[in-house]
Amino acid sequence: MGIFKTRKNKKFSYSPRYWNDDGEGSPYQIEHKFDKFRSTVGRNNGFKDKFKNAWEDLRHDADRRVNRRVLWIFLILLFIFLYLIEFDLSIFTARR
């Protein structure tokens, strides 16, 4: 039936009355300015394919400094959370 199917967005093809298409495309076409640089936009793939494309983009086109910064922020937030719940960090040290 239609329980698991999602609705498609309506698409309108508006063309102005006195506009002459000289090969440059429609000026009224709505497009995000970074769509041409993304590999996950455009094709109507499944969730798994979109995740694979995003993972490949992250692995090959990522800036190392940004990844390192995100890792540091995550670790700081993790330690703040562990401090708030009063987690005992001494279990990670060697006992003698």
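Residues numbered from 1 in each chain as written. Predicted model: local features only at pLDDT ≥ 70, side-chain atom pairs only at ≥ 80, totals over all residues. Heavy atoms only, no water.

A. View of the overall build of the chain. Regarding its fold elements, the chain presents two helices and zero strands. For the chain, the proportion of its 96 residues judged to be buried stands at 2%. Accessible surface for the chain amounts to roughly 10600 Å². Of this, 58% is attributable to carbon and sulfur atoms. (Helix = DSSP H or I, 4+ residues; strand = E, 2+ residues; numbered from the N terminus. Buried < 20%, exposed > 50% of the residue type's maximum accessible area, 1.4 Å probe, protein only. Areas by Shrake-Rupley, 256 points an atom, 1.4 Å probe, with all protein chains shown as cover.)

B. Unusual backbone geometry, seen in detail. The backbone phi angle of Glu86 is positive, close to 55°, even though this residue is not glycine. Along the chain, Glu86 turns up in the segment after α2 (64–84).

C. Inspection of α2 at higher detail. The first and last C-alpha atoms of α2 sit 30 Å apart over 21 residues, in line with the 30 Å expected at 1.5 Å per residue. Positive phi shows up at Glu86, right after α2, with a value of about 55°. (Expected span 1.5 Å × (residues − 1).)

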